[in-house]
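Coordinate inspection notes
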Amino acid sequence: MDNRSTMAGHRLRVPVALVAGAAIAFGPAAGIAPADPPVASSTVGFDRSLHLEGARNARDLGGYRTVDGRTVRTGLVFRTDQLDHLTPADLAELTRRNVRDVDDLRTVYERALAPDRVPAGAQANWYDVIGGAPLPDLVSSLAGGGDMYRAFITAPGANAAFASVVRDVVENGQAEDGGAVVFHCTAGKDRTGWTAAVLLTILGVDRATVTEDYLLSNEYRGAAPGDLLNGVEASWLDAAFDQAIAEYGSFDNYVRTGLGITDAEVATLKARLLA
């Protein structure tokens, strides 16, 4: 396994953090059965589900239209929930889809509880989004809601983690035999949701569509209205966008200054993912 992030700051601290990490959502809460994955979003008329038995919130990030009329290519970037329950058939499907990088956004606690199963031929990368935060902030963030999403902008190491996913997509596009990138957290809805929002926004997808993709986690995870553990709310995503603008002045500045993504990398990303 290639751990491209530093291990500094990832040491075990106290059991309460482990409990909080487990509460991010290891599958739907007791008594809530996951719904069947929706066939398509109202924006894009194709089945974006990867139909993985062991990862119900696994879907293609492509197919969305940008504000300038282009389309995000399918089959190149996938967003999922944790991969510890993948079946042999699931792993074979990811190999068939030419997955070359699996980017894990979870904390050390979550990874210890549920290690990934990685498809053959793929490289596993660990980019911990919030594990470097001070313990009180970490526990607060893991509780979810707007505090977690604001921490996606402010937590030590968060910018580097999100930037690393973007760069994996860029580097796969530059490679002669470039393949697909999978990124995930535990439930595939929060850290994964912000990563997807960042990528789609960089590509020029409008905010309403970005939010629609984000809210699809409610359907894939079978979350009832008001289910804060299994579902997501648009206001949470708004909190991350608002924090990014408050910290950096604009979303573009967040990408270039906060994440450190260069104009050349943005151009390569667009050339790779837009048709």
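Residues numbered from 1 in each chain as written. Predicted model: local features only at pLDDT ≥ 70, side-chain atom pairs only at ≥ 80, totals over all residues. Heavy atoms only, no water.

A word on the overall build of the protein chain. When you go through the protein chain residue by residue, the secondary structure sums to 11 helices and five strands. Within the structure as shown, the protein chain displays about 10,800 Å² of accessible surface, and the carbon and sulfur contribution to it stands at 55%. (Helix = DSSP H or I, 4+ residues; strand = E, 2+ residues; numbered from the N terminus. Areas by Shrake-Rupley, 256 points an atom, 1.4 Å probe, with all protein chains shown as cover.)

Phi is positive for H51, close to 55°, though the residue is something other than glycine. Counting through the fold element by element, H51 comes out in the loop between helix 1 (15-22) and strand 1 (59-60). For H51, a relative accessible area of 52% gives the class exposed. With a phi angle near 65°, N98 is a residue other than glycine that sits in the positive phi range. For N98, the position within the fold is in the loop between helix 2 (88-96) and strand 3 (99-104). N98 sits in the partly exposed class, given a relative accessible area of 29%. (Buried < 20%, exposed > 50% of the residue type's maximum accessible area, 1.4 Å probe, protein only.)

The residue D227 is located in the loop between helix 8 (207-220) and helix 9 (234-248) in this model. Here D227 is buried and forms no salt bridge, its nearest opposite-charge partner R221 lying at an N-O distance of 7.0 Å. Side-chain polar atoms of D227 contact the side chain of N230, separated by 2.8 Å. (Lys, Arg positive; Asp, Glu negative; His and termini not counted. Salt bridge = Lys/Arg side-chain N within 4 Å of Asp/Glu carboxyl O. Polar contact = N/O pair within 3.5 Å; in protein donor to acceptor, adjacent residues only side chain to side chain.)

Quick look at the pairing of strand 3 now. Put simply, side chains in a regular strand alternate between the two faces of the sheet. Summarising burial for strand 3: five of the six residues are buried, a large majority. Sheet topology places strand 3 next to strand 5 (residues 180-184); five bridges connect them, and they run parallel. From the neighbouring strand, V102 faces strand 5, where its bridge partner is V182. Taking the sense of rotation as the criterion, the β-α-β connection linking strand 3, helix 3 (residues 108-113) and strand 4 (residues 123-126) turns out right-handed. (Pairing = 2+ DSSP bridges. Right-handed = clockwise from strand over helix to strand, strands pointing away.)

Moving on, we get to helix 9. Its 15 residues place the ends of helix 9 21 Å apart at the C-alpha level, agreeing with the 21 Å of an ideal helix rising 1.5 Å per residue. On its buried side, helix 9 packs onto helix 5 (145-154), helix 7 (191-203), helix 8 and helix 10 (251-258). Backbone geometry just after helix 9 places G249 at a positive phi near 95°. (Expected span 1.5 Å × (residues − 1). Contact = heavy atoms within 4.5 Å.)

With mixed pairing, the five strands of this open sheet are ordered in space as 1-2-5-3-4. A strand with exactly one partner marks an edge of an open sheet, and here the two such strands are strand 1 and strand 4. Alignment of strand 2 (residues 77-80) against strand 5, held across four bridges, turns out to be parallel. Residue pairing for strand 5: T80 is matched across the bridge by H184.

What follows deals with the nonpolar core. In summary, soluble globular proteins display a tendency toward joint burial of nonpolar side chains. Core analysis: the biggest nonpolar cluster contains 55 residues, and Y149, W194, Y254 and L269 have the highest contact counts within it. Mapped onto this core, the elements with two or more residues apiece are helix 5, helix 6 (158-174), strand 5, helix 7, helix 8, helix 9, helix 10 and helix 11 (263-273). Setting aside its immediate chain neighbours within four residues, W194 contacts F152, I153, F162, L237, A240, F241, F251 and Y254. A55, A58, F78 and L94 belong to the second largest nonpolar core, which has 14 residues in total. (Core = buried A, V, L, I, M, F, W, Y, C linked by side-chain atoms within 4.5 Å.)

With that settled, the discussion passes to helix 5. The buried fraction of helix 5 is high, at seven of 10 residues. When we look at burial in helix 5, the residues that qualify are G145, G146, M148, Y149, A151, F152 and I153.

Moving on, we get to the environment of F241. With respect to the secondary-structure elements, F241 resides in helix 9. Using a relative accessible area of 4% as the deciding quantity, one classes F241 as buried. Apart from the residues within four sequence positions on either side, F241 is in contact with W194, A197, T201, R207, V210 and F251.

Counting across every chain of the model gives 15 salt bridges. Salt-bridge contacts for R70 lead to D68; the nearest nitrogen and oxygen are separated by 3.0 Å. For the salt bridge of R106 with D104, the shortest nitrogen-to-oxygen distance reads 2.9 Å. Taken individually, R106 and D104 each receive the classification buried, so the pair is uniform in this respect. What you see here is one network of salt bridges that share partners, running through D104, R106, R111 and D116.

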